[in-house]
Amino acid sequence: QVQLVESGGGLVQPGGSLRLSCAASGSIREIYIMTWHRQAPGKQRELVATITADGSTNYRDSVKGRFTISRDKVNNTVFLQMNNLKPDDTAAYYCNANIRTGSGSVLSSWGQGTQVTVSS
């Protein structure tokens, strides 16, 4: 019914940059809050950044000043610009969105994840 697809992950050296994208498709009436999460091996999934429908943003302390979340409401896409990447940023990154579908129900949908590896 609704699908989220992430892209943009990869291998980057410390200090480098990556831009993640997450596109929502399917029977979508409205998208509310959109978020990026990450999960490193052996660790719990953690919230990285949040953007509301009106564009308000919030970040976990460790990425403030380095990561920027944004969204394209026309194309139902959320982005995560990641600058000055550090080895501790290495993780699988997942997007999530709260979506009102065409049938009226509200779903919390997850993407399949994209791997980010920061290493020299």
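In this report, the structure presented in the accompanying data block is examined. Quick caveat, the model's predicted, so the values are computed rather than measured. (Residues numbered from 1 in each chain as written. Predicted model: local features only at pLDDT ≥ 70, side-chain atom pairs only at ≥ 80, totals over all residues. Heavy atoms only, no water.)

Taken in spatial order, the four strands make up an open sheet running β1-β3-β8-β7, and their pairing is antiparallel. The outermost strands of the open sheet, each flanked by one partner alone, are β1 (2-7) and β7 (67-72). Recorded for the sheet is a direction-independent mean angle of 15° between the axes of neighbouring strands. Pairing geometry for strand β3 (residues 18-26) and strand β8 (residues 77-82), over six bridges, is antiparallel. Paired with L20 across the two strands is L80, which belongs to β8. (Pairing = 2+ DSSP bridges. Helix = DSSP H or I, 4+ residues; strand = E, 2+ residues; numbered from the N terminus. Axes fitted to C-alpha atoms, helices over the stretch in contact; angles between N-to-C directions.)

Going through the model one piece at a time under the given rule, you end up with five salt bridges. D89 is the partner of R66 in a salt bridge, and the nearest nitrogen-oxygen pair spans 2.8 Å. On the criterion of sequence distance, the pair formed by R66 in the loop between β6 (57-59) and β7 and D89 in the loop between β8 and β9 (91-101) is long-range, its members being 23 residues apart. In this structure D89 comes out as buried when scored by relative accessible area, which is 2%. The network of salt bridges with common partners includes R38, E46, R60, R66 and D89. (Salt bridge = Lys/Arg side-chain N within 4 Å of Asp/Glu carboxyl O. Buried < 20%, exposed > 50% of the residue type's maximum accessible area, 1.4 Å probe, protein only.)

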